[in-house]
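# An overview of the molecular structure
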Amino acid sequence: MKILITGISGFVGSHLAEYFLNTGAHEVFGTIKWRSDRQNILHFQDKITLVECDIKDAFAMQKLVQGVKPQQIFHLAAQSYVPFSWSTPQETISTNIIGEVNLFEAVRSARISPLIHIAGSSEEYGMVKPDELPITEQNPLRPLSPYGVSKVAQDLLGYQYFKSYGMKIIRTRAFNHTGPRRGEVFVTSNFAKQVVEVEKKKREPVLRVGNLDAVRDFLDVRDVARAYALALEKGEPGDFYNIASGKGMKIREILDKIVGLAGIKIQIEQDPSRLRPSDVELLIGSAEKFRKKTGWEPEIPFERTLKDLLDYWRSRIA
Ligand code: A2R
């Protein structure tokens, strides 16, 4: 089977590619931008086919889809960082929304009928009331960031192209995920990197942090990659599914776990530049619908995820 992953050099894309390479019998294609950092895919780059393509370029997307003619497409390329969507909302909106429209139109013009996965996010739910927990797919969408709005639009475009043209689109709304290769701007990776810098005497034992009171539902990225593959294997075209652990954790608890695993003493300092104009306080999801449909369960304990994340930074920092 030919599998196309947009954003293959990103955090989830690289793990999903490895998942398919390990399960075998697949030809994996992935998009990359000419300036993309290839660090995440260096160790298996020779086993996949990389195509340079900016998803905002409609013509390049047409050429890509027409050339590969994939049976499955995982659309992961995006501006994925919530704080960046505050500073440059235009970039987030155009990459995430126009990029997806370009993909759908490219599939239509190639006259192929692949299964397509759209990676939504728990940020689509945004403001959630305490009595709405755990969040099911029926919860109202009240996004609180330009990123959240872009993901709602991606989600609804998936619905519209399914209804209008019968395209086999399956949408997921993944809650937070982390693990090795997580970009350093993301909270768990940022803490782990700072802790390893302290271990390696590259910084004073002071950690700079943002909002520690937000509650999030965290999964290991490898469980999420497996969930995405299952979504296309067993999910219903036109439908959408939460991917979540069902457990909430304060960011402060995660920080304590990372510091505990490293076994060092550290002082915590709040950095106002890391606070958001409006933050989502509580995100805990229910993946009941997805479990029932696919049999998926998260398998990797969070302690192992954090340990692997610390080891990842230990291998990156000299
Ligand atoms: O910016 P780069 O060179 O790191 O490439 C990123 C790629 N990307 C693009 N590719 C083609 N054309 C664009 N205009 C474009 N803009 C960004 O998407 C990178 O390889 C990938 C995103 O990877 P990460 O930022 O690591 O995100 P992650 O966590 O893998 O998220 C995957 C999906 C996204 O749709 C998120 O919004 C969702 O899952 O949570």
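No experiment lies behind these values; they were computed from the predicted model shown.

Moving on to the nonpolar core. In terms of nonpolar packing, the biggest core is built from 41 residues, with Ile5, Leu16, Phe74 and Tyr228 touching the most fellow members. Of all the secondary structure elements, the ones that give two or more residues to this core are strand E1 (2-6), helix H1 (11-23), strand E2 (27-32), strand E5 (115-121), strand E6 (168-174), helix H7 (221-234) and strand E11 (240-243). Sorting elements by how many residues they give to this core places H7 first, with nine residues. In contact with Ile5, other than residues within four places in its own chain, are Gly13, Leu16, Ala17, Val28, Phe29, Gly30, Thr31, Phe74 and Leu76. Formed by 25 residues, the second largest nonpolar core is a distinct cluster that contains Val195, Val209, Met249 and Leu255.

Once that is clear, we can look at helix H2 (residues 58-68). Along H2, the residues that are buried comprise Ala60, Met61, Leu64, Val65 and Val68. Seen from one end, H2 has its buried residues packed into an arc of 125°, which puts them on one side. Facing away from the buried side of H2 by more than 90 degrees, the exposed set consists of Phe59, Lys63 and Gly67. Residues of H2 that are buried in the fold lie against E1, E2, strand E3 (49-52) and helix H4 (89-110). Taking the backbone nitrogen of Phe59 as reference, a side-chain oxygen 3.1 Å away marks Asp57 as the first, capping residue of H2. Downstream of H2 by a residue or two, Lys69 has a phi angle that is positive, lying close to 50°.

Let us look at the sheet that holds E6. In space, the seven strands of this open sheet follow the order E3-E2-E1-E4-E5-E6-E11, with parallel pairing throughout. Of all the strands in the sheet, the pair left with one neighbour each is E3 and E11. The sheet shows a mean angle of 20° between the axes of neighbouring strands, taken without regard to direction. Across the sheet, H1 touches E1, E2 and strand E4 (72-75), and the angle it forms with E1 is around 165°. Running at roughly 155° to E6, helix H5 (residues 146-165) makes contact with E4, E5 and E6 of the sheet.

About the thresholds
Think of each chain on its own: its residues are numbered from 1, step by step along the sequence as written. Only residues with pLDDT of 70 or above have their local features reported here, since the model is predicted, and side-chain atom pairs are shown and tallied only from 80 upward, although totals for entire chains, interfaces and linings are computed over all residues. Working from all heavy atoms in the structure, the side-chain values ignore hydrogens and water. In plain words, nonpolar cores are sets of buried Ala, Val, Leu, Ile, Met, Phe, Trp, Tyr and Cys residues tied together by side-chain atoms within 4.5 Å. Throughout this description, buried means an accessible area under 20% of the type-specific maximum (1.4 Å probe, protein chains only), exposed means over 50%, and partly exposed covers the range between. Labels follow the DSSP assignment, with helices taken as runs of H or I lasting at least four residues and strands as runs of E lasting at least two, numbered in each case from the N terminus. Any two residues whose heavy atoms approach within 4.5 Å are treated as being in contact. The arc refers to the directions leading from the helix axis to the C-beta atoms. Definition of a polar contact: a pair of N or O atoms within 3.5 Å, with one able to donate and the other able to accept a hydrogen when the atoms are protein atoms, and with sequence-neighbouring residues admitted only if both atoms are side-chain atoms. Pairing between strands is defined by DSSP: at least two bridges between the two strands are required. Here an angle of 0 to 180 degrees is reported between the N-to-C directions of two axes, which are lines fitted to C-alpha atoms, with helices fitted over the stretch in contact.

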